[in-house]
Amino acid sequence: MTQRHETVVIGGGQAGLVTGYYLQQHDQDFVILDASDRIGEAWRARWDSLRVFTPARYSSLPGMDFPGSLHAFPAKDEVADYLETYAERFDLPVELGVRVDGLERNDEGFLVSAGDRRFEADNVVVAMASYQVPKVPDFAAELSDDIVQLHTSDYRNPEQLQDGDVLVVGAGNSGAEIALDVANGHETWLSGRDVGHVPFHIDSWFGRHLGVPFVMRVLFHRILTTGTPIGRRKRPEMLSQGIQLVRTKPADLAAAGVERTPRTTGVRDGRPVVGDDDVLDVENVIWCTGFQPDFSWIDLPIFDGKEQPKEPVHMRGIVPDAPGLYFVGLSFLYAMTSGLFTGVGRDAEYVVDHLTSRPRQQQPRPSYTGSVDGLQQ
């Protein structure tokens, strides 16, 4: 069964929905495909106590404000409900339960495969985050079978843990918040380098009125971009190491009794080794070691072979070597805010403006490199 659309959007999270919003403004014929059975499911599946790091005033998508107090930090289920309402408000054509497993060129433009279904399109927007496949070090398999191991993607609450000590591996934002979540009932170790922290409390008066607005609307949104020298210099570091602790402070961890320890470097006798040679006798390990992208289902020559895992070569989401193919939602696609609600709308609007400026049913052009129609990188 083959369907034909001007544009196929792959991914029905915030990136895909806001892309659909702008396509709708241009009266495009499009469909949004998502593997989940419900809009917002990726948010509902995260740990129970999760709240976003940006207040509601910076957690809205274009066309619809986030409900409630502007200064509240929404819980994960509130974000999921907001996305579901957003799709309903604008009557976006989302097809759920459709897992895309192939993207290639054909004589008509692009062919998108999803099981036994086929979608042909002049344009394809891959609207997926960079966080797709959980990362866990190879030596995790050497841990004793009597240790409970969970990745961030599987962790929900402390009830999943057995009695005994907990090692949280990865001292970024997720690791710090999960360490606080489990510390009340377990001796907890937090392993990893000190990533630094935002030098103010985000829910204080200063944070609400000065600190957060400056970070979200100026520093992350306008300064740290691929269009500035400092943004281009800092981008690789931020993609590989993440950002500073936003809500949690070192004093919060100390007050909760969380013990800091160096990086987890291996396994000895079934137990984790931290630093040079210290073995921790713990009963639980939570891997807050991040995710990596997986675009192995895209059969197009758009990837930089130097990067592992491979990421697409693009300029603000526009793929020069595959006219009609776009990306939205990737971390630092254009700015630090690209993966956040406050920045994904700008990226989607930019991509849709370029997409709708192309002649309809345009045939593929020869590959080339360099700037894209004179647009800023």
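Residues numbered from 1 in each chain as written. Predicted model: local features only at pLDDT ≥ 70, side-chain atom pairs only at ≥ 80, totals over all residues. Heavy atoms only, no water.

### Description of the nonpolar core
Core analysis: the largest hydrophobic core is formed by 56 residues, its most contacted members being Leu17, Trp43, Leu61, Tyr82, Leu83, Tyr86 and Ile286. Only helix 1 (14-25), strand 2 (30-33), helix 3 (76-89), strand 6 (117-127), strand 9 (166-169), helix 4 (173-183), strand 17 (325-328) and helix 8 (341-357) provide two or more residues apiece to this core. With seven residues, helix 8 is the single largest residue contributor to this core. Aside from chain neighbours lying at most four places away, what touches leucine 17 is Gly12, Ile32, Ile39, Leu83, Tyr86, Ala87, Leu92 and Val94. (Core = buried A, V, L, I, M, F, W, Y, C linked by side-chain atoms within 4.5 Å. Buried < 20%, exposed > 50% of the residue type's maximum accessible area, 1.4 Å probe, protein only. Helix = DSSP H or I, 4+ residues; strand = E, 2+ residues; numbered from the N terminus. Contact = heavy atoms within 4.5 Å.)

### Side note on the sheet that holds strand 9
Taken in spatial order, the five strands of this open sheet run 8-15-9-10-11, and their pairing is parallel. Each end of this open sheet is capped by a strand with a single partner; those strands are strand 8 (148-151) and strand 11 (259-261). On average, adjacent strands in this sheet sit at an angle of 20 degrees to one another, irrespective of strand direction. Relative to strand 10 (residues 188-191), strand 9 is paired through four bridges, and the arrangement is parallel. Its bridge partner lying in strand 10, leucine 167 is registered against tryptophan 189. Packing against the sheet, helix 4 makes contact with strand 9, strand 10 and strand 15 (284-287), and its axis sits at approximately 175 degrees to strand 10. (Pairing = 2+ DSSP bridges. Axes fitted to C-alpha atoms, helices over the stretch in contact; angles between N-to-C directions.)

### Brief notes about the confidence of the model for the protein chain
Confidence in the prediction for the protein chain averages 92 pLDDT; 94% of positions are at 70 or higher. Low pLDDT (under 50) marks residues 362-377, which in the prediction has 27 contacts with non-local residues, meaning those over four places away or in another chain. (pLDDT = per-residue confidence, 0-100.)

### Structural notes on the packing of helix 1 against helix 8
Where helix 1 meets helix 8, the closest approach of the two axes is 9 Å, and the angle between their N-to-C directions is 45 degrees. Between helix 1 and helix 8, the angle falls in the class oblique. Here helix 1 runs over helix 8; the crossing is right-handed. On helix 8, the residues that touch Gln14, Ala15, Val18, Thr19, Tyr22 and Leu23 of helix 1 are Phe341, Val344, Gly345, Ala348, Glu349, Val352 and Leu355. Along the lines of polarity and charge, the residues of the contact of helix 1 with helix 8 split into nine nonpolar, three polar and one charged. (Parallel < 35°, antiparallel > 145°, perpendicular 65-115°, else oblique. Left-handed = near helix turned anticlockwise from the far one by under 90°. Nonpolar A, V, L, I, M, F, W, Y, C, P; charged D, E, K, R; others polar.)

### Some remarks on the pattern of salt bridges
A full pass over the atoms with the stated rule returns 13 salt bridges. A salt bridge links glutamate 84 to arginine 44; its shortest N-O distance comes to 3.3 Å. One end of the pair, glutamate 84, is in helix 3; the other, arginine 44, is in helix 2 (residues 41-44), and 40 residues separate them in sequence. Overlapping salt bridges bring together Arg38, Glu41, Arg44, Asp81 and Glu84 as one network. (Salt bridge = Lys/Arg side-chain N within 4 Å of Asp/Glu carboxyl O.)

### Quick look at helix 8
The end-to-end C-alpha distance of helix 8 is 25 Å, a good match for the 24 Å that 17 residues give at a rise of 1.5 Å each. Counting buried residues in helix 8 gives twelve out of 17 residues, a clear majority hidden from the surface. For helix 8, the set of buried residues is Phe341, Thr342, Gly343, Val344, Gly345, Asp347, Ala348, Tyr350, Val351, Val352, His354 and Leu355. (Expected span 1.5 Å × (residues − 1).)

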